[in-house]
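# Residue-level structural notes
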There are 2 protein chains.
Amino acid sequence: MLSSRIGILGGGQLGLMLLQAAIDWNLEIHVLDPDAEAPCKKIAPHFHHGSLQDYDTVYNFGKELDVITIEIEKVNVDALEALEKEGKKIYPQPAVIRKIQDKRIQKQFYIENDLPTAEFILTENRNDTARHASFLPAFHKLGKDGYDGRGVQRIASENDFDKAFDQPGLLEKAVPFQKELAVIVARNPSGEVVTFPTVEMVFHPEHNLVEYLFAPAEIDPEIDRKAQETARQTAEAFQIVGLLAVELFLTAEGEILINEVAPRPHNSGHHTIRANATSQYEQHWRAILNLPLGSTHAYGPSAMVNLLGEEGFQGSAVYEGMETLLATEQVFPFLYWKFVTKPFRKMGHITIMDTDIRALKEKVEFVKRNIKVISKESH
Amino acid sequence: MLSSRIGILGGGQLGLMLLQAAIDWNLEIHVLDPDAEAPCKKIAPHFHHGSLQDYDTVYNFGKELDVITIEIEKVNVDALEALEKEGKKIYPQPAVIRKIQDKRIQKQFYIENDLPTAEFILTENRNDTARHASFLPAFHKLGKDGYDGRGVQRIASENDFDKAFDQPGLLEKAVPFQKELAVIVARNPSGEVVTFPTVEMVFHPEHNLVEYLFAPAEIDPEIDRKAQETARQTAEAFQIVGLLAVELFLTAEGEILINEVAPRPHNSGHHTIRANATSQYEQHWRAILNLPLGSTHAYGPSAMVNLLGEEGFQGSAVYEGMETLLATEQVFPFLYWKFVTKPFRKMGHITIMDTDIRALKEKVEFVKRNIKVISKESH
């Protein structure tokens, strides 16, 4: 399988980290991305510039390859299905991408498979949504194309219904939760399944982006067992080949509910590059190439801070504070080859390790205070 | 310093691993190599095809850059000196490369700096060498251009003098030693010095190549202290900026002697990619970019096995046993993007980790038995 011709749809930061891991095994990857200056551009052995949503572009990219994977869900699944029929290995499978692409189908899938998730109502448009005042507080989620904090609106009361999307979506009950957790699961075509340790995510209060995370999550062993088991069952229900990142709510009552899933490497697994025997990126290659899955053993507690473009700055990125970070024991910045910053753009991440949890959390605060992505030109 | 234009002379496996580490920090590296199919070819953001020994080629490559480093010593140092005079940062410094390039000068440098090394006699040609029968057993070493086991001959008795090189070299007393050790030292322009834990090398009995190594070395703390201190003193004597790999003999009497040094990442540090908080490759970038040096903390004991082309095979490389290795907990193969194998060519390496030393050594034997680089065509 190591001599397969392999392609990735998408050349963003997840693709970049997949490429970095692929170097170890002589994997000569092809990357397709609509942005001629995508993060993968200068590192990919073969970079193809083109749309991920155009049937012909995706089909023509895939027809010269043996194995095709994704680092973003918003791709032309019809083209992938055609390639799959011709015998190409498409992992995750097009049928899985289709289910996950549309949050309405994704949520119904959980119900059909007895997987725990928050209550919801499917809605067709804004007026339809506004009929469900008794279901509030809730989140209105766009069915398709939500990504990185876009496509979700909190509807606290009837006054907020004007924020609802005027397109097919779903209204999800706002569940009082203690914590948000995530478990990344890998599954290969032989059916082998391995999970990464449960992580705890802390979201930015306004922007619905993971601000930082800790691994392992500080939860009771019984809760952890439930989180791991739910994630594993979800991956098995989808019969996915590749990675499935399962985001979970730990409710006030100690229940585990699936929030949403992503069929690819995920923001909640960046720290595994430094902190675990096998990173999520290497694990993805193992899974889709039907190789034995690797040990997810962690060398110690770790944290991961997203490095977002500073508010008020747009233009050529300048990384302030890198030397301060590099002078701190076991603090590992990773930048994403994005040369233009804008407010809240994901520009990189920082992995932090320490054997002591308290020292680890202090380092997180230190890192957050000491690094900034700005630009020469302020706005 | 992260926005410097950086170049590497040499695009072999050491360059490849430097490139992999450079991805984390947006370092858009230029690589020069005389082989159009060098390991770095497909990964380097900018690959330049040309001689490392031609003055104009090296000068023209360097004049568009800010920082130039090497992954092989056999380069045109005159060109580097000219670039240094123009204000380019050349690390390691041309003066250091010049001293190390010629083993005769290197050995004299140890004497001048009171650094412990085995006794030697400088020799001009084969006849000259053959005059020193009373100095045997010894090794005859070529002054310049020895590499990877070439350029060293064991002269056990007078009968072996026909194996001596007929060029300037040195005859080094064969010292009865218990172990061969290595310490990699990093030093930045601010004078900060950090060492990696001492490793123990086991050589292939015939081919004078590192066959495998263990980290940390199994030696008394007092010996370890001496090895670390000798390595640090050597780096400081050279005033090197970058990495200095110091190979040492632990003699039968418990003395530490310098065998030889390399002013760059080294075979004895590959395992640091997986086993240490900072790899030798990241440390090299930190050192030459005058960034704070990283922690060399090891997450546990590790071993490294060189993956050499199997005897009797030459042609397109086939890696037998990769799946077996990948199925073994914490066994990490790294392949070098060399598509043609030949006997004893370095085709990759395998890092092995385990918390238990005995289990680690058993895994080393398992790995050696289970992986082979062959070709479809046998000879």
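Everything quoted here is computed from the prediction, not taken from an experiment.

Bringing helix α2 (residues 55-63) of chain B into the picture now. Looking at α2(B), one finds that the buried residues are B:V58, B:Y59, B:F61 and B:G62. Angularly, the buried residues of α2(B) cover 165 degrees about the axis, an arc narrow enough to put them on a single face.

For A:R286, the position within the fold is in helix α9 (residues 280-288). On the accessibility criterion, A:R286 (2% relative accessible area) is buried. Between the alpha carbons of A:R286 and A:E124 there is a distance of 40 Å; along the sequence they are 162 residues apart. In contact with A:R286, other than residues within four places in its own chain, are A:W25, A:T278, A:L291, A:P292, A:L293, A:G294, B:L326 and B:V331. A polar side-chain atom of A:R286 sits 2.9 Å from the main-chain carbonyl oxygen of A:P292.

A separate point is the packing of helix α4 (residues 94-101) of chain B against helix α5 (residues 103-112) of chain B. All names here are of chain B. Interhelical geometry of α4 versus α5 gives an angle of 100 degrees and a closest axis separation of 5 Å. Classified by the angle their axes make, α4 and α5 are roughly perpendicular. Side by side, α4 and α5 meet where R98, K99, I100 and Q101 of the first sit next to K103, I105, Q106 and F109 of the second. Looking at side-chain class alone, the contact of α4 with α5 contains three nonpolar, two polar and three charged residues.

A separate point is the pattern of salt bridges. A complete count under the given rule lists 40 salt bridges over all chains for this structure. A salt bridge links A:R225 to A:E222; its shortest N-O distance comes to 3.1 Å. Taken together, the positions of A:R225 and A:E222, both in helix α7 (residues 221-238) and three residues apart, correspond to about one turn of that helix. Residue A:R225 is classed as partly exposed on the basis of its relative accessible area, which comes to 46%. Under the relative-accessibility criterion, A:E222 is labelled partly exposed at 45%. Across the pair B:K103 and B:E260 runs a salt bridge whose closest N-O atoms are separated by 3.6 Å. Of this pair, B:K103 sits in helix α5 while B:E260 sits in strand β15 (residues 256-262), and the two are 157 residues apart along the sequence. Residues participating in the shared-partner salt-bridge network are A:K103, A:K107, A:K141, A:E172 and A:E260.

This part covers the relation of the copies chain A and chain B. In the superposition of chain A on chain B (RMSD 0.0 Å, axial shift 0.0 Å), the rotation amounts to 180 degrees. What the rotation and shift describe, once combined, is the action of a two-fold rotation axis. When you check the interface residues of chain A against chain B, 100% turn up at the interface there too, and the contact is symmetric in its surfaces.

All names here are of chain A. Topologically, S279 is positioned in the loop between α8 (272-275) and α9. S279 sits in the buried class, given a relative accessible area of 9%. With near-sequence residues (within four places) excluded, S279 lies in contact with F196, T272 and I273.

In this section: the nonpolar core. With 95 residues, the main nonpolar core has A:W285 and B:W285 as its most contacted residues. Dropping the residues within four chain positions of it, B:W285 is found in contact with B:I6, B:I8, B:L18, B:A21, B:A22, B:W25, B:L27, B:I29 and B:T69.

Here we come to the interface of chain A and chain B. Counting residues at the interface gives 40 residues for chain A and 42 residues for chain B. Of the roughly 3,700 Å² buried between chain A and chain B, counting both surfaces, carbon and sulfur atoms make up 56%. Between the two partners, chain A and chain B, sit six salt bridges. As a salt-bridge pair, A:R274 and B:D24 come within 3.2 Å of each other at their nearest N and O atoms. Where chain A packs against chain B, one counts 25 residue pairs in polar contact (both at pLDDT 80 or more). Mapped onto the side of chain A that touches chain B, the elements with two or more residues apiece are α1 (13-22), α9, α10 (322-326) and β18 (331-335) of chain A.

Attention now moves to the sheet that holds strand β9 (residues 169-173) of chain B. Residue and element names in this part refer to chain B. As summarised here, the arrangement of the four strands in space is β6-β9-β7-β8, forming an open sheet in which the pairing is antiparallel. One side of each edge strand has no neighbouring strand; the edge strands of this open sheet are β6 (120-123) and β8 (152-155). Between one strand and the next, the sheet's axes are offset by a mean angle of 20 degrees, whatever the strand orientation. Where strand β7 (residues 138-142) and β8 come together, four bridges link them in antiparallel fashion. Across the sheet, A138 pairs through a bridge with I155, a residue of β8. In the packing of α5 onto the sheet, the strands contacted are β6, β7, β8 and β9, and the crossing angle to β6 comes to about 145 degrees.

The rules behind these values
- Residues numbered from 1 in each chain as written.
- Chains lettered and ligands numbered in written order.
- Predicted model: local features only at pLDDT ≥ 70, side-chain atom pairs only at ≥ 80, totals over all residues.
- Heavy atoms only, no water.
- Buried < 20%, exposed > 50% of the residue type's maximum accessible area, 1.4 Å probe, protein only.
- Helix = DSSP H or I, 4+ residues; strand = E, 2+ residues; numbered from the N terminus.
- Arc of directions from axis to C-beta.
- Contact = heavy atoms within 4.5 Å.
- Polar contact = N/O pair within 3.5 Å; in protein donor to acceptor, adjacent residues only side chain to side chain.
- Axes fitted to C-alpha atoms, helices over the stretch in contact; angles between N-to-C directions.
- Parallel < 35°, antiparallel > 145°, perpendicular 65-115°, else oblique.
- Nonpolar A, V, L, I, M, F, W, Y, C, P; charged D, E, K, R; others polar.
- Salt bridge = Lys/Arg side-chain N within 4 Å of Asp/Glu carboxyl O.
- Least-squares fit on C-alpha atoms with pLDDT ≥ 70 in both.
- Core = buried A, V, L, I, M, F, W, Y, C linked by side-chain atoms within 4.5 Å.
- Buried area = accessible area lost by both parts, 1.4 Å probe.
- Pairing = 2+ DSSP bridges.

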